[in-house]
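Here is how the chains run, residue by residue.
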Amino acid sequence: MADDDVLRLAREIADAYRNGNAPPARTRRPMRRNAPPRRGGREDAVALGDVLGEMVQNQGWNDRLAASRVFSDWAAIVGPEVAQHCRVDSFSDGVVHLETSSTAWAKELKLLAPRLVAKLNEELGDGQVLRIDVRGPQAPSWKKGRRSVKGRGPRDTYG
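Keep in mind that what you see is a predicted model, and the values were worked out from it rather than measured.

Colleague: Is there a simple way to think about the overall build of the protein in this case?
Modeller: Broken down by element type, the protein carries 6 helices and 3 strands. The order of helices and strands in the protein, counted from the N terminus, is α-α-α-α-α-β-β-α-β. By residue count, 21% of the 159 residues in the protein fall in the buried class.

Colleague: So what exactly am I meant to see when it comes to the nonpolar core here?
Modeller: One recurring pattern in soluble globular proteins: nonpolar side chains tend to sit buried together. Ranked by size, the top nonpolar core spans 23 residues in total, and within it W74, V96, L98, L120 and I132 carry the most contacts. Mapped by element, the contributors of at least two residues to this core are α3 (62–72), α4 (74–78), α5 (80–85), β1 (86–92), β2 (95–100), α6 (103–124) and β3 (131–135). With 8 residues, α6 is the largest single contributor of residues to this core. Setting aside its immediate chain neighbours within four residues, I132 contacts V96, L98, A113, L116, V117 and L120.

Colleague: Can you walk me through the sheet that holds β1 in this structure?
Modeller: Sheet strands line up and pair through hydrogen bonds in the backbone, either parallel or antiparallel. Overall, mixed pairing links the 3 strands, which are arranged β1-β2-β3 in an open sheet. Only two strands of the sheet have a single neighbouring strand rather than two, namely β1 and β3. With strand direction ignored, the average angle separating the axes of adjacent strands in the sheet is 25°. Two elements, β1 and β2, share 6 bridges in a ladder whose sense is antiparallel. Opposite S90, over in β2, you have H97 as the bridge partner. The strands that α6 touches are β1, β2 and β3; relative to β3, the one it contacts most, it runs at about 160°.

Colleague: Teacher, can you tell me more about the pairing of β3 here?
Modeller: Consecutive residues of a regular strand have side chains that alternate between opposite faces of the sheet. Residues I132 and V134 point to one face of β3 and are all buried, whereas R131, D133 and R135, pointing to the other face, are not buried. Taken together, the 5 bridges between β2 and β3 define a ladder with parallel strand orientation. Looking across to β3, one finds that V96 is bridged to I132. Between the parallel pair β2 and β3, the chain is carried across by α6, and the sense of this crossover is right-handed.

Colleague: Looking at this model, I keep getting lost on the pattern of salt bridges. Mind explaining?
Modeller: Side chains that carry opposite charge are capable of pairing whenever their charged atoms lie near each other. One pass over the structure, following the stated rule, counts 4 salt bridges. In this structure, D89 engages R87 in a salt bridge whose closest nitrogen and oxygen atoms are separated by 3.6 Å. D89 gets classed as partly exposed once you look at its relative accessible area, which sits at 31%. The salt bridge partner of R87 is E99, with a shortest N-O separation of 3.7 Å.

Colleague: Looking at this structure, how should I read α6?
Modeller: For the α-helix, the turn length of 3.6 residues means that residues three or four positions removed from each other point alike. Largest kink in α6: about 55°, centred on L112, with the proline P114 one to four residues after it. Along α6, the residues classified as buried are W105, A106, L109, A113, L116, V117, L120, N121 and L124. Two residues or fewer past α6, G125 is found with a positive phi of approximately 120°.

Colleague: Explain unusual backbone geometry here, please?
Modeller: Across residues other than glycine, the phi torsion is negative in most instances, and most of the peptide bonds are trans. With a phi close to 55°, D93 is a non-glycine residue in the positive phi region. With respect to the helices, strands and loops of the structure, D93 is situated in the loop between β1 and β2. The exposed category is assigned to D93, whose relative accessible area is 71%.

Thresholds applied
- Residues numbered from 1 in each chain as written.
- Predicted model: local features only at pLDDT ≥ 70, side-chain atom pairs only at ≥ 80, totals over all residues.
- Heavy atoms only, no water.
- Helix = DSSP H or I, 4+ residues; strand = E, 2+ residues; numbered from the N terminus.
- Buried < 20%, exposed > 50% of the residue type's maximum accessible area, 1.4 Å probe, protein only.
- Core = buried A, V, L, I, M, F, W, Y, C linked by side-chain atoms within 4.5 Å.
- Contact = heavy atoms within 4.5 Å.
- Pairing = 2+ DSSP bridges.
- Axes fitted to C-alpha atoms, helices over the stretch in contact; angles between N-to-C directions.
- Right-handed = clockwise from strand over helix to strand, strands pointing away.
- Salt bridge = Lys/Arg side-chain N within 4 Å of Asp/Glu carboxyl O.
- Bend = angle between axes of the 7 residues up to and from the residue.

The structure is reproduced here in structure tokens:
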């Protein structure tokens, strides 16, 4: 078809719809020709989530996705109050490293660690999280700066 024929056909179809003389809707889908058969001989639609899930499994991306979900879904998994007082510092080899806002929250999360591991494994897949390592706020280091002292440092002047 030439460009003029295509343009004329498009105008005729648009005019038919404007005037209310649109062709009746087709009730049957046309048969596909020269289409390769689907895997497994299925002719029905497949959910996109199933296809993506299968691809993730085949590529071996389950561990990476679980690791990213620890960071992105942390507040939803542990709840807003706990998430307000701690953050995920890192996740590697099945160990979630948390950093808390106070020593009291560090102690609380150490006590809650078995429940958190169970909840994380429930959300991310069994066996993804082996343990939780909790650290409280870090004290300032006396070993940095121009006037740092080797040995006992400033502690020997406190007594």
